[in-house]
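Listed below, chain by chain, are the residues.
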Amino acid sequence: MTGSLELVPARALLVPRPRIRLELQPGDRVTAVVGEAVHVGEVVAERIRDPRLVEAVVPRDGADQGIPLPGTWVPAEHALAGRHAGAPAGELLFEHGGRRRLVSGPHPDRLHAPADGRVVEVEPGVALVLEIDGPGLVATELLGEPHWGRLVLLPEESDPRLALDVALAGAVVVLPGRVDAEALARARAMGIRGAVVASLAERDRRDLAASAARQQAGLHRLAPFGVLVLGGYLRRAFASAVRSTLDAASGAVVGLVGDPPLLLLPADRQLPLPELDQIVVHGGPEAGREGRWLGPGGIRRVRGGITAETGLVALDDGRTVAIPIGELERFAVLVANG
Amino acid sequence: MSHVEPGAAEPLVGTRTASSPAVPAPSARAVAAPADDRQSAFFTLDHGTATLAGALVGRVDRRWRLLAATAFPAGSNPDTLLGLLVDRLRSADPARAEAIGSGPGSGAEPLVAWPRLVATSVPAATLAVIAATERTRARLEEAAVGAGWNVIAGSAERTDPLALTRLATRPGVVALLVGVADPPDADERDLAAELAVAAAGIAARRPGMRVFLAGPVPDAPLLDAWRAPVIVRLPAPAGAPGDLAASTLRAALAAARGGPDDSRRALAAAAGSLARVLGLRVEILEIGVSGAARVVASPGPADDGGIAASVQIVEVPDAALFRMDRPGSVDRIDYWFTQGLDRARLRDRLAELAIASWSDLDADGALLRGAALRGAVERLLAATDPVLGHGGVDLVIGAGGAWSAVPAPAAAHIVADVVRRPGAVQVAIDHARLLGPIGTIADDAGRDALVAGLGEDLLLPLGTIVTPRGLRPNRPAGRLVLETRGARSEVELVAGGFTLVDLPPGASGTAELAFRGTPELGPRGRRFKIAVSGGLAGLLLDLRDIPLRLPERPDRRRELLGTWERALWPERDA
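Residues numbered from 1 in each chain as written. Chains lettered and ligands numbered in written order. Predicted model: local features only at pLDDT ≥ 70, side-chain atom pairs only at ≥ 80, totals over all residues.

1. Structural notes on the overall build of chain A
Scanning chain A from N- to C-terminus turns up five helices and 25 strands. Across its three principal axes, chain A shows a C-alpha extent of roughly 90 × 45 × 45 Å. Within chain A, buried positions represent 44% of all 338 residues. Once local pairs closer than 6 in sequence are excluded, the contacts in chain A between residues at least 24 apart make up 65%. (Helix = DSSP H or I, 4+ residues; strand = E, 2+ residues; numbered from the N terminus. Buried ≥ 20, exposed ≤ 12 C-beta atoms within 10 Å, placed from the backbone. Contact = placed C-beta atoms within 7 Å.)

Here is the structure:
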């Protein structure tokens, strides 16, 4: 029956040495160099908050040096009375008709490496690509900004309103219970750097996005804060394979990134591997339960009159049930990332 | 399928022969073997965004028959799925399995020996459109959307170069379309060169990005660009904004988006075959999780005396099943949903379905899918009516996984609710997802032969919907006399609701309608005689208003919709 197991869609649990992209905007200045090793927390780029377009005449001594490539950082030029109007330092957008379009702006912020790794590519004004040393736990979305911190798991039954206090400042906390925008706002106010949640409702996501936008607009910003969602929108518990991985990484410094959405784990921790025939039920009346795959259960009619292919699953509570295969998933052992 | 008297007919745009290049050319790799007489069976696979559908087609008594079909969530292993189909055939009909060469000890393993027709639905990728003027931007944007792209667009007239660059370098953008009119408008001439330089700047930042140049945009800056982008020359945007009827740019952009096995483009080829073989005007409403398309194919005489087909396809990414990022899209799903649910919960469930489309299958999850499908078809028709018109067709086919996620009679109800046209139309669904894979057969004659050979196995007939317009609600409307193979039944009609008449799949007959007023059913009149064919929903006389008017109060609307829904979907409350 192991062949039929492949009828159940597999979801990657861990990605070894993932390549992650840190988003840049035109005008951002990359300080890291391709091929360079970076460590968690190191500054890899400067981001400008309010980029603006500046037109500058190509200087006379620059005209015969060829057209610089778009994305090149152009140093500031001082004004010369009657000869040259000068220009601020900035990134070249393009040069046309004897004029340069530069992107410049005040108030640079720092962009930090979220984990140990190596710079593999720089796309000026678009993204900085890092290859991370450790594996990444696969998530579905990062709300907010990439960040890093010590991983702290709150107990299953804890109330975030009581458990989130200033002692957790600088940590990335795993919130296993019900999470809402209020709890996340409290986490941010306590100096917590990020949160890992199993799911988050659409309304709470929008509240969080609005809060992040307000922070972006402020002159004195709070520290970056990211919320990594491992599942979807409806309330779910962490699958046992995910819980085991988080337990194993507890206390280590981890990173949160959004492209692709991953929890970056340390390279030196021994992580448990999911069992091949372990099945997670993610929908229907048995949602949240886990069990072992027994084989195809045939086409059956479910409540509501729809017919669907089912699979026979021996649930961990001892029952054997036929469940629509669309409501099942399993974890792939390791999947390499581009 | 029998030919029914058409409803209000509108001429479809242009008539092409079957070999016209405007009909997408499927893959040369597409299997020609099914037309080969020596072949005893073949598989089809339709790789959708949410669903992997497979079927086993074999020769039975010198004609092709659908022997097994099923669907699993995307991500399932195709070989395992096909192996399951072979096992089921062996178990259900060992003699037949033996006859087509899949019995025990039959020699070559079917998974290796039998050819496969494979179609793949390509998720709508994001295309950045930049133009010199707003006028050209609108034309380019319409062409790109109609070709199935998700589009973000800007023009130099309204947007500065920094914003254009940020727009085109957003995460997820895979290609850039830069265009000017041919010849350039007066206000475009000066901007065309700068636009090309800006495009070169964008391409330099995004290695591997494809750049489409539509019209006389100079390519010299791009040829000099660092990291040499892939440049594709396309026709200039033509016609006024909104005039998409025969856009060569749209066709070129569609070809550039999907590969030769793209299932939506393959549907157009399959629709052409259906129109030629059945001699009917065919409309396909394809709704998927990552996109949607509407195809209209109309038969006509060919120059060589045979039958040609005029085929038009418009893709509408915004009509994807659970797409909710457009204003009002959640409101419309809420409008059609017959269960009371607070808005936040409704949003969460729809968002969850968008990422896990096969979850939430039972109980009101099926009703929610039905409501989402109605919303998607509404968006599809609203976007395509200006191009394809809303004239009468003879056969409406629901294609894509969304139609299989509700019971078949309920699918007929969805068509009746949303496709509000006076006339009579047959309704069917592509239940085994055969149309896409068959559409990948490059040779028209071979494809037509396969469509003809499969016959009634190709589509699941739902029945015939008769929709008159202009009846006074809640009053006696007239009488129906249905004659089928010697049997005769009479039904009194009351306007304002449904009248269902049992007419099983395979049955056909003649419906004589005598109205008290003079409603519109194609032409206006009191008496009509219509050929009807049966299906899982039967003959459905839809005597409701066109357009459909429902109570504003949500509780009353849900109650009324629920009454209609219950008639065609009795298991909904089980």
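2. A closer look at the domain arrangement of chain B
Interfaces are often sized by the accessible area lost when the parts come together. Each assigned domain of chain B is listed with its residue range as follows: domain 1 (40–114), domain 2 (126–257) and domain 3 (263–573). Distance from the C-alpha centre of domain 1 of chain B to the C-alpha centre of domain 2 of chain B: 45 Å. (Domains from an automatic or database assignment.)

3. Here we look at the domain arrangement of chain A
Residues and elements named next belong to chain A. Entries for chain A in the domain assignment read domain 1 (4–11 + 274–334), domain 2 (13–46 + 109–264) and domain 3 (52–104). For domain 1 versus domain 2, the distance between C-alpha centres works out to 31 Å. With eight residues of domain 1 in contact, the opposing surface of domain 2 contributes eight residues. Contributing elements (two or more residues each) for the side of domain 1 that touches domain 2: β21 (278–281) and β25 (328–334). For the side of domain 1 that touches domain 2, the class distribution of residues is five nonpolar, two polar and one charged. (Nonpolar A, V, L, I, M, F, W, Y, C, P; charged D, E, K, R; others polar.)

4. Quick word on the confidence of the model for chain B
All names here are of chain B. When pLDDT is averaged along chain B, the result is 86; 90% of the residues meet or exceed 70. Counting contacts from residues 1–33, a segment whose pLDDT is below 50, to residues more than four positions away or on other chains yields 104 contacts. The complex model carries a pTM of 0.88, and its ipTM stands at 0.86. (pLDDT = per-residue confidence, 0-100.)

5. So, the interface of chain B and chain A
Taken together, the 50 residues of chain B in the interface contact 46 residues of chain A. If you list the elements that add at least two residues to the side of chain B that touches chain A, you get β3 (63–73), α1 (78–92), α5 (161–168), α6 (186–205), α11 (343–355) and α12 (364–388) of chain B. Of the residues in the side of chain B that touches chain A, the class split is 27 nonpolar, ten polar and 13 charged.

6. Notes on the nonpolar core
If you look at the biggest cluster of nonpolar residues, it comprises 218 residues, and the most contacted ones within it are B:Ala271 and B:Ala376. It is α12(B) that provides the largest number of residues to this core, a total of twelve residues. With residues up to four places along the chain from it excluded, the contact list for B:Ala376 reads B:Ile287, B:Ala292, B:Ala319, B:Ala320, B:Leu321 and B:Ala402. A:Ala56, A:Leu93, B:Val129 and B:Met209 belong to the second-largest nonpolar core, a separate cluster that totals 57 residues. (Core = buried A, V, L, I, M, F, W, Y, C linked by C-beta atoms within 7 Å.)

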